[in-house]
Amino acid sequence: MDTVLSKTFSLLRFPLIVMVVFIHIYGSTIMVNGNIVGDCNATIYHLIGRVFSQNLFAIAVPTFYFIAGYLFFLNQTLNKDRYFLQMKKRFKSLVIPYLFWNLWMIVFMLFYQYVGNKVGFIFAGKQIVDYSIIDFLRCFWNIGSGFYPICFQLYFLRDLILVSILSPMFYWLIKKGKVVFMLLLTVMYVADVNWHFFPGISPIFFFCFGASYRLLNWEWIDGFKSYISKIGWLYVGLFPILFFWDNYNYYLFIKIFGVIFILNIVYYLVEHNSEGGKIEKALLWLSPTSFFVYCFHEPIQGLIKKVFYMLLQPSSDAILVLLYFLCPLLTILLAIIIFKTMSRFCPKILRVINGR
């Protein structure tokens with residue numbers, strides 16, 4: 001594996017997770033004890049949230065799928081022995097953390113609702129203590145609306161587990177269909193061709209995008225040297241159109257350029273700064289915390305946001321913008337502190353829940 005590309009992936013992990021955390025903070029109003037808080041004229045807040053959470057940072061998850069597809073086929077082969085070896089690795093790195101963190105959410109919500117009921121909080125929807133066996137099982141697949149597990153951000157892991165299981169089919173299609181298959185998949189993705197089962201077209205497309213880069217020996221992640229990598233600059237030019245033309249299919253199309261752009265811009269920075277700097281060293285130090293931050297940030301971020309809303313009762317743009325940046329940063333900081341503490345005092349437990 002190209003050492004520059006390897007470092008590119010390592011440097012991207014933490015910033016991409018920060019993007020994911022900020023995606024999940026957006027929303028000016030929340031329900032506090034049956035009352036809506038934060039309902040005010042928040043023009044600047046919504047502008048910032050739309051620019052960052054809904055658009056710029058939306059390339060984070062697709063980029064993770066791309067990297068996952070590339071790494072799955074790192075040695076460019078997939079026979080029976082290799083497939084079962086990969087499944088064994090993915091069980092440790094994906095399935096065990098997926099089960100643990102959903103279980104953690106169930107326990108957290110049980111405790112949170114118990115304390116809330118004691119102090120007179122009002123909760124909407126069905127409470128954990130009233131769950132049936134089917135409800136508990138659905139917590140690990142899709143509970144409520146939106147087809148998310150109870151720890152909703154883990155939909156990414158769920159879909160990644162599924163595309164990994166289906167990897168022999170994608171391997172065969174990429175090897176046989178080559179560029180034609182990827183073009184067909186691109187059309188399906190941009191057209192938002194979906195179905196009522198998992199995984200959806202988006203994880204399949206970006207996983208196969210990364211897989212095809214490796215399996216077909218493409219070399220367009222090169223710091224904008226090749227023609228395809230230069231196409232990534234279209235992301236910079238075409239992105240602003242989203243604010244004048246709110247078209248979902250165009251939004252999906254732009255994400256492809258965004259993935260190409262972010263991979264190449266970081267590759268370029270790594271390639272032209274071989275000695276590294278303070279920022280690079282900091283990102284490499286933070287990179288191992290990325291998965292923990294991802295799994296941990298909800299429901300903690302939601303709780304931090306709710307506490308601030310209860311204390312401050314935000315009714316102005318300025319306070320909402322402040323909380324937009326403050327809540328994710330506090331959540332990330334807390335996650336890093338817990339990760340570093342666990343790595344010192346209970347590293348074996350941390351490795352298990354972190355998929356290592």
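**Describing the nonpolar core**
Within the largest apolar cluster, 118 residues are counted, with the highest numbers of intra-cluster contacts made by Phe-209, Phe-292 and Tyr-294. The element that contributes the greatest number of residues to this core is helix α11 (residues 248-271), accounting for 14 residues. Beyond its immediate stretch of four places on either side in the chain, Phe-209 contacts Phe-66, Met-182, Trp-218, Trp-220, Ile-256 and Ile-260.

**Describing helix α1 (residues 3-25)**
In this model α1 runs 35 Å from its N-terminal to its C-terminal C-alpha over 23 residues, within 8% of the 33 Å that 1.5 Å per residue would give. The N-cap residue of α1 is Asp-2: its side-chain oxygen and the backbone nitrogen of Val-4 are 2.9 Å apart. In the stretch just after α1, Gly-27 is the one whose phi turns positive, near 140 degrees.

**Points about the environment of Ile-25**
Position of Ile-25 relative to the elements: it lies in helix α1. Its relative accessible area of 2% is what places Ile-25 among the buried residues. If we ignore the near neighbours within four places in the chain, the residues touching Ile-25 are Tyr-45, Ser-53, Gln-301, Lys-305, Tyr-324, Cys-327 and Pro-328.

**Focus: the side chain of Lys-305**
In this structure, Lys-305 sits in helix α13 (residues 290-312). Notably, Lys-305 is buried but unbridged: the nearest opposite-charge side chain belongs to Glu-298, and the N-O separation is 8.1 Å. In this structure the side chain of Lys-305 is engaged in a polar contact, spanning 2.6 Å, whose partner is the backbone oxygen of Gly-27. Leaving out residues up to four positions away in the same chain, Lys-305 has contacts with Ile-25, Tyr-26, Gly-27, Ile-30, Tyr-45 and Cys-327.

Calculation criteria
Residues numbered from 1 in each chain as written. Predicted model: local features only at pLDDT ≥ 70, side-chain atom pairs only at ≥ 80, totals over all residues. Heavy atoms only, no water. Core = buried A, V, L, I, M, F, W, Y, C linked by side-chain atoms within 4.5 Å. Buried < 20%, exposed > 50% of the residue type's maximum accessible area, 1.4 Å probe, protein only. Helix = DSSP H or I, 4+ residues; strand = E, 2+ residues; numbered from the N terminus. Contact = heavy atoms within 4.5 Å. Expected span 1.5 Å × (residues − 1). Polar contact = N/O pair within 3.5 Å; in protein donor to acceptor, adjacent residues only side chain to side chain. Lys, Arg positive; Asp, Glu negative; His and termini not counted. Salt bridge = Lys/Arg side-chain N within 4 Å of Asp/Glu carboxyl O.

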